[in-house]
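Summary of the model geometry
One letter stands for each residue in the lines below.
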Amino acid sequence: MIQAYAARSAGEKLEPFDYDPGALKDEEIEIDVEYCGICHSDLSMLKNDWGISQYPLVPGHEVVGTVAAVGDRVSMVKLGQRVGLGWNSHSCMHCEWCMSGDHNLCVTLEATIVGRHGGFANKVRAHQEWAVPLPEGIDPAKAGPLFCGGITVFNPIVQFDVQPTSRVGVIGIGGLGHMALRFLNAWGL
Ligand SMILES: [Zn+2]
Ligand SMILES: [Zn+2]
């Protein structure tokens, strides 16, 4: 059983909630959650702001933890390795998008807290592809936001081929914007 915190209906408080995740799939991993950030999308999902929430709802999609179990065909991460898990947790791995590095556009994409249970728990599961190995030297207690807000602002730097000679404006220095500034600064801008 996985021990989690869930809201039983829209706007309710989080309360202890245990669930049986079933057998681990061949390409899935189970993560022992060490830390999990909280993102405004967790609050939106808790309140069903987008009309896609299913209850009991276990939020949490800024997970940092270690790989506690691996499915039979897992080769990308190792037991005990520290990984992060963000908004998405599964995709088909054989469509044109998954095969070209744009897994986030896969039509079978599964979000970590939409129709499945997230990281406000002692364990959470994901397809191995969506578990991002965490380099040594990053404080695991602070790394969680990299996997949601962080990738959200890092992705366009790559997608738009931003160069160190570019000029980039960041509008809004909040949860995402402050990370954008730090990435852009490290990028040489
Ligand atoms: Zn988020
Ligand atoms: Zn796909």
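Residues numbered from 1 in each chain as written. Chains lettered and ligands numbered in written order. Predicted model: local features only at pLDDT ≥ 70, side-chain atom pairs only at ≥ 80, totals over all residues.

Brief notes about the pairing of strand β8 (residues 123-127)
Heads up, the condition is: In this scheme every C-beta is placed from the backbone, and a residue whose C-beta has 20 or more other C-beta atoms within 10 Å is buried, one with 12 or fewer is exposed, and one in between is partly exposed. Secondary structure elements follow DSSP: runs of H or I no shorter than four residues count as helices, runs of E no shorter than two count as strands, and numbering proceeds from the N terminus. Strand pairing is assigned whenever DSSP identifies at least 2 bridges connecting the two strands.
Across the five residues of β8, four count as buried, placing the element largely inside the fold. Here five bridges tie strand β3 (residues 28-36) to β8, and the two strands are oriented antiparallel to one another. For I31, the partnering residue across the bridge sits in β8 and is V124.

A closer look at the sheet that holds strand β4 (residues 63-70)
The antiparallel open sheet is built from five strands, whose spatial order is β8-β3-β4-β5-β9. Strands with a single pairing partner mark the edges of an open sheet, and in this sheet they are β8 and β9 (132-133). Alignment of strand β5 (residues 82-85) against β9, held across two bridges, turns out to be antiparallel. Residue G84 lies in a different strand from β9, and its bridge partner there is V132.

Digging into the nonpolar core
Just so we agree on the cut-off: Put simply, a nonpolar core is buried Ala, Val, Leu, Ile, Met, Phe, Trp, Tyr and Cys residues tied into one set by C-beta atoms within 7 Å.
Formed by 32 residues in total, the largest nonpolar core has its most connected members in I29, I31, L85 and A131. Breaking this core down by element, the ones donating at least two residues are β1 (2-6), β3, α1 (40-46), β4, β5 and β8.

A closer look at the environment of C148
Structurally, C148 is set in the loop between α3 (140-143) and α4 (149-159). According to the C-beta neighbour criterion, C148 is buried, with 25 such atoms within 10 Å. Along the chain, C148 and H61 lie 87 residues apart, while their C-alpha atoms are 7.2 Å from each other.

Describing the domain arrangement of the protein
The condition is simple: What fixes the domain bounds is an automatic or database domain assignment.
Domain boundaries in the protein define domain 1 (2-138) and domain 2 (148-189). When each unit is reduced to the centre of its C-alpha atoms, the spacing between domain 1 and domain 2 is 25 Å.

Observations regarding the pairing of strand β2 (residues 15-19)
Summarising burial for β2: zero of the five residues are buried, a small minority. Note that β1 and β2 share five bridges and pair antiparallel. Each residue of the ladder has a partner; that of A4, found in β2, is F17.

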